[in-house]
Amino acid sequence: MANLLITGGAGFIGSHLIYRLVKNYPQDHIYNLDALTYAGNPENLQAVEDAANYTFIKGDITDFAFLEQLFARYHFDGVIHLAAESHVDRSIANPMAFILTNVVGTVNLLNAAKNAWQGNYAGKRFYHVSTDEVYGSLGAEGYFTEETAYDPRSPYSASKASSDHFVRAWQHTYGLPVVISNCSNNYGPYQFPEKLLPLIINNIKEGKPLPVYGDGTNVRDWLWVEDHVAAIDLIYHQGTIGETYNIGGNNEWSNIDLVRTLCDVMDQLLDQPTGTSQGLITFVKDRPGHDQRYAIDATKLKDALGWEPLVGVPEGLRLTAQWYLANPEWLSRITSGAYREYYQQQYQDESL
Ligand code: NAD
Ligand code: DAU
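For clarity, every value in this text was computed on a predicted model and none was experimentally measured. (Residues numbered from 1 in each chain as written. Chains lettered and ligands numbered in written order. Predicted model: local features only at pLDDT ≥ 70, side-chain atom pairs only at ≥ 80, totals over all residues. Heavy atoms only, no water.)

### Topic: the overall build of the protein
The helix and strand tally for the protein stands at 12 helices and 12 strands. Rg of the C-alpha trace for the protein: 20 Å, near the compact-globule value of 20 Å for 352 residues, within the 12% margin. Across its three principal axes, the protein shows a C-alpha extent of roughly 60 × 45 × 35 Å. For the protein, the proportion of contacts with a sequence separation of at least 24, taken over those separated by at least 6, is 82%. Total accessible area on the protein stands at roughly 14400 Å², and carbon and sulfur atoms take up 50% of it. (Helix = DSSP H or I, 4+ residues; strand = E, 2+ residues; numbered from the N terminus. Rg over C-alpha atoms; globule rule 2.2 N^0.38 Å. Contact = heavy atoms within 4.5 Å. Areas by Shrake-Rupley, 256 points an atom, 1.4 Å probe, with all protein chains shown as cover.)

Written as structure tokens, this is what we have:
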């Protein structure tokens, strides 16, 4: 039986991870610490709200005194750290929020774990969930491996790279038992509709233009979110302390090809003539510093722990589009922001 702290569990990936852990580890207690920023939505977690082994805690990882009290109260055995500012475009507009949460917040958590565990590291583990963007941008050839030198190029990726370095420094200097994974682009239900795929789905529904940055040739490696949380589960429970694991879908798509394929899926689901949605595609001004290509070599994770992605892009796009079409209330509440006021009132900051 373990007390496990998940940060950022009301966000996109975090909510899928919480479902999996609450269901698969009934003997463990899963604590979800989330500040409920614009991206955090407890509505994602309704089905586990009343589970006996689940507790939601509203709080901010930039508040160190709060974290120290939290660790003293709940005696966590492990941490899976996902809380972050996660959107590259927002990091370009407001980098400081990324430095505060992604860098300072991560160091706060490392310190809170170090102080609470006091060198008694048996059975303890600090897992930091990171991104492939720390490796920079690839040309037409090659893949990111765990040995690729860091070369972050946006405020978001620089903040995540910085947090990765701090995590490794806490192991090297203080012996904290850490593990890190760097993952490619996730997609699936509950993703905030600022990210490419849910944005496109929402705009098709509303008949709005579909903005494709630059010439649309930028390439991303797409991973079904459930495949990512399966990897996180495996790495947390069976990965080797001090190791880094790359996670990727082996699913490279240029943005324009991906958007066109999603358009065709949406036309089928909305029962409209093929080509209707593609007519909404609009090439717009490029993202400043837009990385050209990301591609992950996940061989290490496959060889060490036997993980492989199970859902490919055509199927995953259909499942994603079906989910958003079946949940119009979720989409309209999250896009209007109406849910935030409700939840901010319902969940007060934890006072300890
Ligand atoms: P998200 O933006 O959907 O969710 C982030 C969550 O963190 C939200 O619930 C938010 O309320 C919470 N949060 C933000 N600031 C906080 C703070 N100061 N204190 C406490 N909680 C705070 O993000 P996501 O897409 O689910 O990503 C989760 C993690 O995975 C991030 O660390 C991200 O860098 C990493 N990651 C994401 C992807 C992807 O494709 N989405 C890929 C690789 C890695
Ligand atoms: O690679 C992992 C990363 O993937 C994660 O670490 C980030 O948290 C996550 O947001 C994602 O970053 P991206 O910048 O790749 O995701 P986004 O959905 O913003 O963009 C995907 C691609 O689509 C990217 O090349 C930019 C492009 N794009 C994006 C938007 C929002 C468009 O062409 N039009 C758009 O409107």
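From this point, the narrative continues.
### Section: the packing of aromatic side chains
This model, assessed by the stated rule, comprises 18 aromatic pairs. Seen in terms of ring centroids, Tyr-135 and Tyr-150 are 5.6 Å apart; in terms of plane orientation they differ by 85°. Their pairing is edge-to-face. Taken as a pair, Tyr-135 in the loop between β5 (125-131) and α5 (155-174) and Tyr-150 in the loop between β5 and α5 lie far apart in primary sequence, 15 residues in all. The exposure class assigned to Tyr-135 is buried, which follows from its relative accessible area of 4%. (Phe/Tyr/Trp six-rings, centres within 6.5 Å; stacked < 30°, edge-to-face > 60°. Buried < 20%, exposed > 50% of the residue type's maximum accessible area, 1.4 Å probe, protein only.)

### Remarks on the sheet that holds β5
An order of β3-β2-β1-β4-β5-β6-β10 is seen for the 7 strands of this open sheet, with the pairing classed as parallel. At either end of the open sheet lies a strand with only one pairing partner, and these are β3 (54-58) and β10 (244-247). Strand after strand, the sheet turns through a mean of 20° between neighbouring axes, direction not considered. In the sheet, β5 pairs with strand β6 (residues 178-183) via 6 bridges, with the strands oriented parallel. Across the sheet, residue Phe-126 finds its bridge partner in β6, namely Val-178. Relative to β5, helix α4 (residues 95-117) is tilted by about 170°, and along the sheet it contacts β1 (3-7), β4 (78-81) and β5. (Pairing = 2+ DSSP bridges. Axes fitted to C-alpha atoms, helices over the stretch in contact; angles between N-to-C directions.)

### Describing the site of ligand 1
Lining the immediate environment of ligand 1, one finds 28 residues, of which Asp-34, Asp-60, Ser-86, Tyr-156 and Lys-160 sit closest. A distance of 2.9 Å separates an oxygen atom of ligand 1 from a polar backbone atom of Leu-82. When ligand 1 is considered free in solution it has 840 Å² of accessible area, and contact with the protein chains removes 96% of it. Contributing elements (two or more residues each) for the shell around ligand 1: α1 (12-24), β5, α5 and β7 (185-187). (Near = heavy atom within 4 Å. Polar contact = N/O pair within 3.5 Å; in protein donor to acceptor, adjacent residues only side chain to side chain.)

### Looking at the side chain of Thr-7
Looking at the element boundaries, Thr-7 is found in strand β1. The exposure class assigned to Thr-7 is buried, which follows from its relative accessible area of 0%. Within the local environment of Thr-7, its side chain forms a polar contact with the side chain of His-81, the two groups lying 2.7 Å apart. From its side chain, Thr-7 meets the backbone nitrogen of Ala-83 in a polar contact 3.0 Å long. Residues contacting Thr-7, with those up to four places away along its chain left out, are Leu-33, Ile-61, Ile-80, His-81, Leu-82, Ala-83 and Leu-109.

### Considerations on the environment of Glu-308
Relative to the helices and strands, Glu-308 is located in the loop between α9 (299-305) and α10 (313-326). Considering only alpha carbons, one finds Glu-308 and His-172, 136 residues apart in sequence, at a separation of 30 Å.

### Some details on the site of ligand 2
Around ligand 2 lies a shell of 23 residues, among which Thr-131, Asp-132, Tyr-156, Arg-287 and His-290 are the nearest. At a separation of 2.7 Å, an oxygen atom of ligand 2 approaches a polar backbone atom of Ser-86. Contacts to ligand 2 include Arg-220, whose side-chain N or O atom sits 3.0 Å from an oxygen atom. For ligand 2, the protein covers 94% of the area, taking 690 Å² as the surface of the free molecule. At the level of elements, α3 (88-93), α6 (196-206) and β8 (210-213) are the ones that each hand at least two residues to the shell around ligand 2. Sort the elements by how many residues they give to the shell around ligand 2 and β8 lands first, with 3 residues. Here the residues of the shell around ligand 2 are counted per class, giving 9 nonpolar, 7 polar and 7 charged. (Nonpolar A, V, L, I, M, F, W, Y, C, P; charged D, E, K, R; others polar.)

### Let's talk about the sheet that holds β7
Across the sheet, which stays open at both edges, the 3 strands sit in the order β7-β9-β11 with mixed pairing between neighbours. Two strands in the sheet have a free side with no partner beyond their single neighbour: β7 and β11 (252-254). Neighbour to neighbour, the strand axes of the sheet diverge by 50° on average, direction disregarded. Note: strand β9 (residues 219-224) against β11, 3 bridges, orientation antiparallel. From the neighbouring strand, Val-219 faces β11, where its bridge partner is Ser-254.

### So, the pattern of salt bridges
In this structure the tally under the stated criterion is 10 salt bridges. Across the salt bridge formed by Glu-194 and Lys-195, the nearest N and O atoms sit 3.6 Å from each other. For Glu-194, a relative accessible area of 13% gives the class buried. In this structure, a network of salt bridges that share partners links the residues Arg-90, Glu-194 and Lys-195. (Salt bridge = Lys/Arg side-chain N within 4 Å of Asp/Glu carboxyl O.)

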